[in-house]
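# Coordinate inspection notes
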Amino acid sequence: MRVLLVGAGGVGTAVTRIAARRPFFDLMVVADYDPARAEAAVAAVGDDRFRAERVDAGDEAAVAALLARHGCDVLLNATDPRFVMPLFRAARKAGADYLDMAMSLSRPHPSRPYEECGVKLGDEQFALAGEWEQAGALALVGMGVEPGLSDVFARYAADELFDGIEEIGIRDGANLTVDGYDFAPSFSIWTTIEECLNPPVVYERERGWFTTAPFSEPEVFDFPDGIGPVECVNVEHEEVLLVPRWVDARRVTFKYGLGGEFIETLKTLHLLGLDRTTPVTVPGADGPVAVSPRDVVAASLPDPATLGERMRGKTCAGTWVRGVKDGREREVYLYHVVDNEWSMAEYGCQAVVWQTALNPVVALELLATGAWSGSGVLGPEAFPARPFLDLLTEYGSPWGLREQ
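Here the structure is a predicted model, which is why all the values come from computation and not from measurement.

What counts, and where the lines are drawn
Residues numbered from 1 in each chain as written. Predicted model: local features only at pLDDT ≥ 70, side-chain atom pairs only at ≥ 80, totals over all residues. Heavy atoms only, no water. Phe/Tyr/Trp six-rings, centres within 6.5 Å; stacked < 30°, edge-to-face > 60°. Helix = DSSP H or I, 4+ residues; strand = E, 2+ residues; numbered from the N terminus. Lys NZ or Arg CZ within 6 Å of the ring centre and 35° of its normal. 1 Å grid on protein atoms, 1.4 Å probe; cavity = no way out; pocket = protein on both sides within 12 Å on 5 of 7 lines; lining within 4 Å. Points joined across faces, edges and corners; volume = space filled by probe spheres on them. Nonpolar A, V, L, I, M, F, W, Y, C, P; charged D, E, K, R; others polar. Axes fitted to C-alpha atoms, helices over the stretch in contact; angles between N-to-C directions. Parallel < 35°, antiparallel > 145°, perpendicular 65-115°, else oblique. Left-handed = near helix turned anticlockwise from the far one by under 90°. Contact = heavy atoms within 4.5 Å.

Another point: the packing of aromatic side chains. All chains considered together, the criterion is met by 20 aromatic pairs. Between Phe153 and Trp399 the ring centres are 6.0 Å apart and the planes differ by 50°, which places this aromatic pair in the tilted class. Of the two residues, Phe153 is situated in helix α7 (residues 149-161) and Trp399 in the loop between α14 (385-394) and β20 (400-403); the sequence distance between them amounts to 246 residues. Through pairs of rings, three or more aromatic residues link up here, namely Phe221, Phe223, Tyr333 and Tyr335. Over the ring of Phe210 we find Arg207, and its NZ or CZ is 3.6 Å from the ring centre. Arg294 extends its terminal NZ or CZ atom over the ring of Trp190, reaching a point 4.4 Å from the ring centre.

Take a look at the structure:
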């Protein structure tokens, strides 16, 4: 397997450090708009299977040419969601398979944003599913941790733990702190603003997909491995758009443990218009400059990839499932916990980006060995879960199951 990895930020760098320990690929080209980031990621692993390149993720022709020049048969997208569609199209143009960790962006309903869906996450990609299937090519979308591993858990529950499922709820929580910062998100603030301030989507069998208000339906969820109770709220996320396509459940939700202070900060950003992506004109030394307010917010905060030495605690991603098994009600939580102290000591990567990066590498290995195969635009739950979970454990990062 020959891989083009686009994006050498925190997640992309973690991908290289995880993949370097595995033998399933022959070449991984690490490409970034900033060549210094790509070169640093490659230098850190000290493995001649890795090569650094510069590419603009928004330039479809350049990405397709890079895929062709290195003979890459798969593109792994480790950029933010703005670049999903150009990279998705570039892979198709070059005849390569494609993996991402976040799907094409949504757009709220123009008049009823908190009741009806507008353009949903992934709609642009699924609209082209027939083209991919006809070509015998695979676009595996949403293959990070959430979405990604959480979707694998949903498929595993449907296949092995339940006869019928009433509800699937992705629940994400952590007790991470960052020394020396009053506000320092552990993941991309650009992406966090996008998913937290957009109308959350809920799925119900009788209604299909519909929306609600941001931060709605708060609940306290008790997370394992010492994290404990965390208040979780509705957030827009890909699992709600993916799981119902392949797993039969009456209801599907996603709730994120943000914390009151974080929610208030996001609300303030929205109130001030600092969540907007449309550029505004501001004075500059050489004249007026057009800048995106959200990009300014992101540039004003520390890079999450650099926070590992200051971070303390654990992060948990998981899937809560309620249903029936052998005529009895059953409720479980399938989960994956990463301790930041461990991920820093073992890989030099902070826990959140490492946990995100782990899962696409596992998926690439399953595709390389033929344990997973398919064509079209598919989510993680379209594939058998057991091979993934077994390989995840082999990577030294086991998952857990708790009866509720």
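Additional details are given in the paragraphs that follow.
Attention now moves to empty space enclosed by the protein. Inspection of every chain in the model, using the stated rule, returns one cavity of 30 Å³ or more. Taken as a whole, the largest cavity spans an internal volume of roughly 80 Å³. Taken together, 16 residues form the lining of the largest cavity, with Ser106, Arg107, Val119, Pro199 and Glu236 sitting closest to its centre. A breakdown of the residues in the lining of the largest cavity according to their chemical character gives seven nonpolar, five polar and four charged.

Right, let's talk about the packing of helix α1 (residues 10-19) against helix α2 (residues 35-45) for a bit. When two helices pack together, their arrangement is given by the angle between the helix axes and the distance between those axes. Between α1 and α2, the shortest axis-to-axis distance is 9 Å and the interhelical angle comes to 25°. When the interaxial angle is binned, α1 and α2 end up roughly parallel. α2 is crossed by α1, and the crossing has right-handed handedness. Counting all contacts with α1, which are made through Thr13, Thr16 and Arg17, the residues of α2 involved are Ala41, Ala44 and Val45. Residues of the contact of α1 with α2, tallied by class, amount to three nonpolar, two polar and one charged.

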